[in-house]
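Descriptive analysis of the structure
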Amino acid sequence: MNYKELKEKYGTPLYVYDIHRIKEIIHQYQTNFKSSQFETEILYASKAFNVKEMLRLIKDMNLSLDVVSMGELYTAVCVDFPSHKIYFHGNNKTEEEIHYAIEHNVGILVVDNQYELEKIEELASLYNKKVSIYIRLNVGVEAHTHKYIITSHIDSKFGILYNSLEYRNMISLIKNSKHIELKGFHCHIGSQIFDFYPYDIAIEKLVAIAKDFPYPLDMNLGGGFGAYYTETDHPIGYEAMARHLIQKLEEELTKQDVKIHKALIEPGRSIVAEAGTTLYTIGGIKQTPNRLYYFVDGGMTDNIRPALYQANYTLDIVGKENDFKNKVVTVAGKCCESGDIIMENVILPEAQKGDLLLTYSTGAYGYSMSSNYNKALTPAVVFVEDGKDRLVVKRQTLEELLEREI
Ligand code: LLP
């Protein structure tokens, strides 16, 4: 990757994606998440990085799509994503969103609660359509990850507890409905998980629940597979994870004597995280009594994860990757906010103003969680493949920043 050339062409900060890496990971999932006993399907959880060109890539690679808002769904509609391969998630879909989803024949609405189910019933009857749904279950598994990204503990805002009053009400509503067809169950137990164990428990619970039904259901196991950020991360490997899930599911189905129609996974982070790198230019270098700062021309506006989750990253200075690393540095952004720090106490070589700094593994939840705080402009996004780069999202302009202001 010629970062200096990319800086000349597109400026910084800049999100740079290695498309070969994305395709390689998708391929790993596709080859290994397969069974002779049931159908399989892989969804890309687009909240990790949802832009038109990324969705076109997902479409070309024959994956299905998880969307979680009108905006994500609209982007999919704009690139003619096959509607039957779209799964609509979310714990509080608005009436407008449900309308839009039904109107556009979204494949599956993943229903999070009774209120939503009642709304779907009402709107589906208006359209006189039969809507296929999954119920999102809270399987009560708590994956050991950062507390803000655990989604399946007992009091989670996501999903329904099996056999709770709400669950039973939902099942009876579905039984009496002409417009809703229950196709399966969904669960998502957290994010950035490096362990088989929580998935095993989720599988055991889902299979037991599927036993209650007289027909074979679909079973969506969610995403959450951990990606590599720093040397303290030890991803299981996406092939191994996919193979393990299939094996565990097959074993459990045999053990509990249950048949399912289809198994699904919906990774987001693991598909894009490692393929993305953020390129910054170093401006000020400041020595305080106890710290050496390298200031970069972006920060929490293009990567909120360090401030929000104390996330760690691996950094490098372009052209100095193999230089002696003898400086303990705090890399800080340019926002008026002391917490606007990319990495604290990272060991880097000596840098000069104008050097380019790289943050690796920013492909997931970087661009998609970016903001205009301090009226920072959202950086451009570039895809690089076979040595060729192409702009897929333009850098925001000052005019665009004020476009909606009256
Ligand atoms: N499916 C559902 C229903 C989800 O809620 C999520 C992520 C995924 C799939 C994809 O999970 P992944 O494979 O990307 O871990 N902003 C946080 C991550 C929040 C994840 C929310 N749900 C972060 O930057 O770490």
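Residues numbered from 1 in each chain as written. Predicted model: local features only at pLDDT ≥ 70, side-chain atom pairs only at ≥ 80, totals over all residues. Heavy atoms only, no water.

A few points about the overall build of the chain
When its secondary structure is counted, the chain shows 12 helices and 18 strands. Taking 22 Å as the expected radius of gyration for a compact globule of 406 residues, we find that the chain reaches 23 Å, a close match to that expectation. Here the chain holds 406 residues, and the buried ones make up 56% of them. In the chain, of all internal contacts separated by at least 6 residues, the share reaching a separation of at least 24 is 69%. A total accessible area of about 18500 Å² is found for the chain, and carbon and sulfur atoms account for 49% of it. (Helix = DSSP H or I, 4+ residues; strand = E, 2+ residues; numbered from the N terminus. Rg over C-alpha atoms; globule rule 2.2 N^0.38 Å. Buried < 20%, exposed > 50% of the residue type's maximum accessible area, 1.4 Å probe, protein only. Contact = heavy atoms within 4.5 Å. Areas by Shrake-Rupley, 256 points an atom, 1.4 Å probe, with all protein chains shown as cover.)

Some details on the pairing of strand E14 (residues 327–332)
Here strand E12 (residues 292–296) runs beside E14; their pairing, made up of 4 bridges, is parallel. Counterpart to Tyr294 in the pairing with E14 is Val331. Both E14 and strand E15 (residues 341–348) contribute to a ladder of 5 bridges, which runs antiparallel. The residue of E15 that forms the bridge with Val331 is Met343. (Pairing = 2+ DSSP bridges.)

A few points about the site of the ligand
Not every one of the 19 residues close to the ligand is listed here, only the nearest: Ser191, Glu266, Arg269, Arg305 and Tyr365. A distance of 3.3 Å separates an oxygen atom of the ligand from a polar atom in the side chain of Lys47. With respect to the ligand, the side chain of Glu266 contributes an N or O atom lying 2.7 Å from a nitrogen atom. Protein contacts shield 92% of the accessible area of the ligand, which totals 570 Å² for the unbound molecule. Considering only residue class, the shell around the ligand consists of 6 nonpolar, 7 polar and 6 charged. When residues are assigned to domains, the shell around the ligand turns out to be shared by domain 1 (3–14 + 275–401) and domain 2 (33–268), each giving three or more. (Near = heavy atom within 4 Å. Polar contact = N/O pair within 3.5 Å; in protein donor to acceptor, adjacent residues only side chain to side chain. Nonpolar A, V, L, I, M, F, W, Y, C, P; charged D, E, K, R; others polar. Domains from an automatic or database assignment.)

Let's talk about the nonpolar core
Core analysis: the biggest nonpolar cluster contains 110 residues, and Tyr44 and Met54 have the highest contact counts within it. The residues touching Met54, leaving out its near neighbours within four places in the chain, are Ile22, Tyr44, Phe49, Ile271, Val272 and Phe383. In terms of nonpolar packing, the next biggest core, distinct from the first, is built from 12 residues, Tyr10, Val16, Leu356 and Val382 among them. (Core = buried A, V, L, I, M, F, W, Y, C linked by side-chain atoms within 4.5 Å.)

Structural notes on helix H5 (residues 95–103)
Residues spaced three or four apart along an α-helix point in a common direction, a consequence of the helix completing one turn every 3.6 residues. Those residues of H5 lying buried are Glu97, Ile98, Tyr100, Ala101 and Ile102. The positive-phi residue at the C-terminal boundary of H5 is Asn105, with phi of around 55°.

Thoughts on the environment of Lys52
By secondary structure assignment, the location of Lys52 is in helix H3 (residues 52–60). Along the chain, Lys52 and Val392 lie 340 residues apart, while their C-alpha atoms are 8.1 Å from each other. Residues contacting Lys52, with those up to four places away along its chain left out, are Thr75 and Val79.

Here we look at the packing of aromatic side chains
Considering all chains together, one arrives at 15 aromatic pairs under this definition. When the ring of Tyr15 is compared with that of Tyr367, the centres are 5.7 Å apart and the planes differ by 80°; the resulting orientation is edge-to-face. In this pair, Tyr15 is assigned in strand E1 (residues 14–18) and Tyr367 in the loop between strand E16 (356–360) and strand E17 (380–385), connecting sequence segments 352 residues apart. Both residues of the pair, Tyr15 and Tyr367, belong to the buried class. An aromatic cluster of three or more residues is present, and its members are Tyr15, Tyr17, Phe49, Tyr367 and Phe383. The residue whose ring lies beneath Lys93 is Phe88, and the NZ or CZ to ring-centre distance is 5.9 Å. (Phe/Tyr/Trp six-rings, centres within 6.5 Å; stacked < 30°, edge-to-face > 60°. Lys NZ or Arg CZ within 6 Å of the ring centre and 35° of its normal.)

What about the packing of helix H2 (residues 19–32) against helix H9 (residues 238–256)?
Closest axis-to-axis distance for the H2/H9 pair is 8 Å, and the angle between their directions is 25°. Put simply, H2 runs roughly parallel to H9. Our pair here, H2 against H9, has a crossing hand that is right-handed. When H2 is examined against H9, the residues Ile25, Gln28, Tyr29 and Asn32 are found in contact with a partner set consisting of Tyr238, Glu239, Ala242, Arg243 and Ile246. (Axes fitted to C-alpha atoms, helices over the stretch in contact; angles between N-to-C directions. Parallel < 35°, antiparallel > 145°, perpendicular 65-115°, else oblique. Left-handed = near helix turned anticlockwise from the far one by under 90°.)

Quick notes on the pattern of salt bridges
As a working rule, side chains carrying opposite charge can pair if their charged atoms are close by. The full count for this structure, using the stated rule, is 17 salt bridges. Taking the shortest distance from any N to any O, the salt bridge between Asp66 and Lys47 comes out at 3.5 Å. You can see Asp66 sitting in strand E3 (residues 64–67) and its partner Lys47 sitting in the loop between strand E2 (39–45) and H3, a full 19 residues away along the chain. The exposure class assigned to Asp66 is buried, which follows from its relative accessible area of 1%. (Salt bridge = Lys/Arg side-chain N within 4 Å of Asp/Glu carboxyl O.)

Some points on the domain arrangement of the chain
By domain assignment, the chain separates into domain 1 (3–14 + 275–401) and domain 2 (33–268). The gap between the C-alpha centroids of domain 1 and domain 2 is 33 Å. Roughly 1400 Å² is buried in total at the junction of domain 1 and domain 2, and carbon and sulfur atoms are behind 61% of that figure. Taken as a group, Tyr309, Tyr365 and Phe383 account for 34% of the area that domain 1 buries against domain 2, more than any other trio of residues on that side. Applying the counting criterion to the domain 1 and domain 2 interface returns 1 salt bridge. The salt bridge involving Glu53 is made with Arg390; its shortest N-O contact spans 2.5 Å. The tally of links from domain 1 across to domain 2 stands at 6 residue pairs in polar contact (both at pLDDT 80 or more). Listed by contribution, the elements that provide at least two residues to the side of domain 1 that touches domain 2 are helix H11 (305–309), E17 and strand E18 (388–393). Considered class by class, the residues forming the side of domain 1 that touches domain 2 number 10 nonpolar, 6 polar and 2 charged. (Buried area = accessible area lost by both parts, 1.4 Å probe.)

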